[in-house]
Amino acid sequence: KDAENHPSSGTEKRSLLMFSKQKECIGVINEDDDAAPSSELLGVSHGANKSKQVTCACVDHSRDILWVADKEGWISGHDMGNVRKRDFQMKDSVISHWCAYRVGHVTAMTVMSIGELWTGSNRGVLRAWSHTSFVSSKKTKPEAIRPRELRKNSFDRAHSGEILSLQCAANGHIVWSASSRAVLLWDAGSGIC
């Protein structure tokens, strides 16, 4: 009865059917009929090609980098130009990777307009990674990549529990960090809460 009231529903059904047939022809079988084409990133490989569970990701649009964090505390930067290619391998797109947290893992990330990457962990630790650390990352030893660790005061971590979200203001001067108990505002330049 709805089909009689909506003349376009027959057209929509035909276009969905055509889309389903096209997907079968190119070998895409696991997408919904109304889904946009996509690439699935199955995991991040480091070292001995072990696949690691991804905990969060964010995109640096100005530098065309996809930042991916995993369950073991590692962060990797991927060249978005390679990610957009069909049938790419994640390991082929890596331009930088390092261990960001030896205890815990990254639960939230945001990128500042100056290229600084801010990360929050499941233990409430907030760090800012300077964009200069990633310029020649393949030649840089992991111990040379040092972050600023941001604290509420000289003794306390940024949050007492897991950092759930990090957001940067459009002007790039303020960062919000949120946990289940608090939302904090940080001066992006000085790191003062």
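Residues numbered from 1 in each chain as written. Predicted model: local features only at pLDDT ≥ 70, side-chain atom pairs only at ≥ 80, totals over all residues. Heavy atoms only, no water.

J.: Where do I start with the sheet that holds strand β12 (residues 174-178) in this structure?
T.: Across a sheet, strands are paired by hydrogen bonds formed along the backbone, either parallel or antiparallel in direction. Taken together, the three strands give an open sheet; going across it, the order is β11-β12-β13, and neighbouring strands pair in antiparallel fashion. Bordering the open sheet on either side are β11 (165-168) and β13 (183-187), each of which pairs with just one other strand. Going from strand to strand, the sheet's axes swing by 20° on average, the running direction of each strand aside. By the bridge criterion, five bridges tie β12 to β13 in an arrangement that is antiparallel. The residue bridging Ser177 from the neighbouring strand is Leu184, located in β13. (Pairing = 2+ DSSP bridges. Helix = DSSP H or I, 4+ residues; strand = E, 2+ residues; numbered from the N terminus. Axes fitted to C-alpha atoms, helices over the stretch in contact; angles between N-to-C directions.)

J.: Sorry if this is basic, but what is going on with the packing of aromatic side chains here?
T.: The geometry of an aromatic ring pair comes down to the distance between the two centres and the angle between the two planes. If you walk through the whole model with that rule in mind, you get two aromatic pairs. Ring-pair connections join several aromatic residues into one group, and the members of that group are Trp67, Trp98 and Trp129. (Phe/Tyr/Trp six-rings, centres within 6.5 Å; stacked < 30°, edge-to-face > 60°.)

J.: Looking at this structure, I do not really get the nonpolar core. What am I missing?
T.: What tends to happen in soluble globular proteins is that the nonpolar side chains get buried as a cluster. By size, the foremost hydrophobic cluster in this structure holds 15 residues, and its most contacted members are Trp67, Ile75, Trp98, Ala100, Val106, Met109 and Leu117. Counting residues in each nonpolar core, the second largest holds 13 residues, with Leu166, Val175, Leu184 and Trp186 among its members. (Core = buried A, V, L, I, M, F, W, Y, C linked by side-chain atoms within 4.5 Å. Buried < 20%, exposed > 50% of the residue type's maximum accessible area, 1.4 Å probe, protein only.)

J.: Looking at this structure, how should I read the pattern of salt bridges?
T.: Pairing is possible between side chains that carry opposite charge, provided their charged atoms lie close to one another. Tallying each qualifying case throughout the model produces four salt bridges. The salt bridge partner of Asp60 is Arg63, with a shortest N-O separation of 3.5 Å. When its relative accessible area of 33% is taken as the criterion, Arg63 is described as partly exposed. The shortest N-O distance in the salt bridge between Arg127 and Glu149 comes to 3.2 Å. (Salt bridge = Lys/Arg side-chain N within 4 Å of Asp/Glu carboxyl O.)

J.: What is the right way to look at the pairing of strand β9 (residues 126-129) in this model?
T.: Taking every second residue as pointing to the same face, both faces of β9 are buried, with Leu126 and Ala128 on one and Arg127 and Trp129 on the other. As judged from the four bridges shared by strand β8 (residues 117-121) and β9, these two strands associate in the antiparallel manner. What sits directly across from Leu117, in β9, is Trp129. The pairing of β9 with strand β10 (residues 148-150) spans three bridges and is antiparallel. Bridge assignment links Leu126 to a residue of β10, and that residue is Leu150.

J.: I would appreciate a short explanation of unusual backbone geometry in the present structure.
T.: Excluding glycine, a negative phi dihedral is what most residues carry, and trans is how most peptide bonds are arranged. Of note in this structure, Asp64 is not a glycine but carries a positive phi near 60°. Within the secondary structure layout, Asp64 lies in the loop between β3 (54-60) and β4 (65-70). Residue class for Asp64 comes out partly exposed when judged on its relative accessible area of 28%.

J.: Explain a nonpolar patch on the surface here, please?
T.: On the surface, Ile174, Trp176, Val183 and Leu185 cluster together into a nonpolar patch covering about 350 Å² of accessible area. Put simply, the parts of the chain that give the nonpolar patch at least two residues each are β12 and β13. (Patch = residues over 30% accessible without salt bridge, like charges linked within 9 Å, V, L, I, M, F, W, Y side chains within 5 Å. Areas by Shrake-Rupley, 256 points an atom, 1.4 Å probe, with all protein chains shown as cover.)

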